[in-house]
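Secondary and tertiary structure notes
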Amino acid sequence: MSGSDEIDPEAEIEEREEETEGMDAEEEEDEEHEEDDEKEEEEEEDALPPEKLAEMCAKCGGRCCTYYTVMLDEPEDADDFDELRWFLAHEDCYVYVDESEWHLNVISRCRFLGEDTRCAIYDHRPDVCREFGHDEECEFTGEFDFEHTFNTIMELEAYAKKVLSPEELEKLPRFPKGHKGPA
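This write-up is about the structure you can find in this document. (Residues numbered from 1 in each chain as written. Predicted model: local features only at pLDDT ≥ 70, side-chain atom pairs only at ≥ 80, totals over all residues. Heavy atoms only, no water.)

**Section: the packing of aromatic side chains**
Operational definition: In summary, the pairing rule links any two rings of Phe, Tyr or Trp, Trp by its six-membered ring, whose centres are within 6.5 Å, and it sorts them by plane angle into stacked for under 30 degrees, edge-to-face for over 60 and tilted for everything else. Throughout this description, buried means an accessible area under 20% of the type-specific maximum (1.4 Å probe, protein chains only), exposed means over 50%, and partly exposed covers the range between. A ring has a charge above it when a Lys NZ or an Arg CZ is no more than 6 Å from the ring centre and no more than 35 degrees off the ring normal.
According to the stated counting rule, one finds seven aromatic pairs in the structure shown. Ring centres of Phe-150 and Tyr-159 lie 5.3 Å apart, and the angle between their planes is 55°; on these two criteria the pair is classed as tilted. Each member of the pair, Phe-150 together with Tyr-159, is buried. Three or more aromatic residues link up through ring pairs in this structure, and these residues are Phe-81, Trp-102, Phe-150 and Tyr-159. Just above the ring of Tyr-122 sits the side chain of Arg-125; from NZ or CZ to the centre is 3.8 Å.

Structure (structure tokens):
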């Protein structure tokens, strides 16, 4: 064997490791796709047939497509409550607490909700929409009893008085005495 025909064991090991790493990444990606496919299949099995879903939606007029909800951090101090006050200063929204989680609910009709209360982009709708209607439970056919609902700044301030320390409560801006706030 001449010097140029010699095999460098370290180079060969590195080459095999690179090949294996590439295969591992591809295998991991394949597994992720398989898991996603399985999840989608399970969701499809749980999903109501389109006819049944359309029937349910027709009963309430597609109300779940007339608002959106954003999760909020639980307020801990005057600054947090002041931010919530800002939300409530706007029309067509409210704050609620459900299962100890805080939410901002904004009343805003989806631009793709047709006059017939059906989705105009149903086959191409976002995943958030796809997650709705996977079972017989529609939020508007059941009863919802939130722990707290705040429609006005005054309601929120009454709650803040119960949970904030006197020092934090002093930091919270207030309406002038006698001012009732917006109707």
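**Notes on the sheet that holds strand E2 (residues 93-98)**
Note the cut-off: Here, any two strands with at least 2 DSSP bridges between them count as paired. Secondary structure elements follow DSSP: runs of H or I no shorter than four residues count as helices, runs of E no shorter than two count as strands, and numbering proceeds from the N terminus. In this analysis, axes come from line fits to C-alpha atoms, helices being fitted only over the stretch in contact, and the angle between any two N-to-C directions falls in the range 0 to 180 degrees. We call two residues contacting when some pair of their heavy atoms lies within 4.5 Å.
Ordered in space as E1-E3-E2-E4, the four strands form an open sheet in which the pairing is antiparallel. Edge positions in the sheet fall to strand E1 (67-72) and strand E4 (148-150), since each has one partner strand and no second. Each strand of the sheet is rotated relative to its neighbour by a mean of 20°, with strand direction disregarded. With three bridges connecting them, E2 and E4 associate as antiparallel partners. Residue Val-95 lies in a different strand from E4, and its bridge partner there is Phe-150. Along the sheet face, helix H3 (residues 78-88) touches E1, E2, strand E3 (101-107) and E4 and points at about 135° away from the line of E2. The strands touched by helix H5 (residues 153-163) are E3 and E4; relative to E4, the strand with the most contacts, the crossing angle is about 135°.

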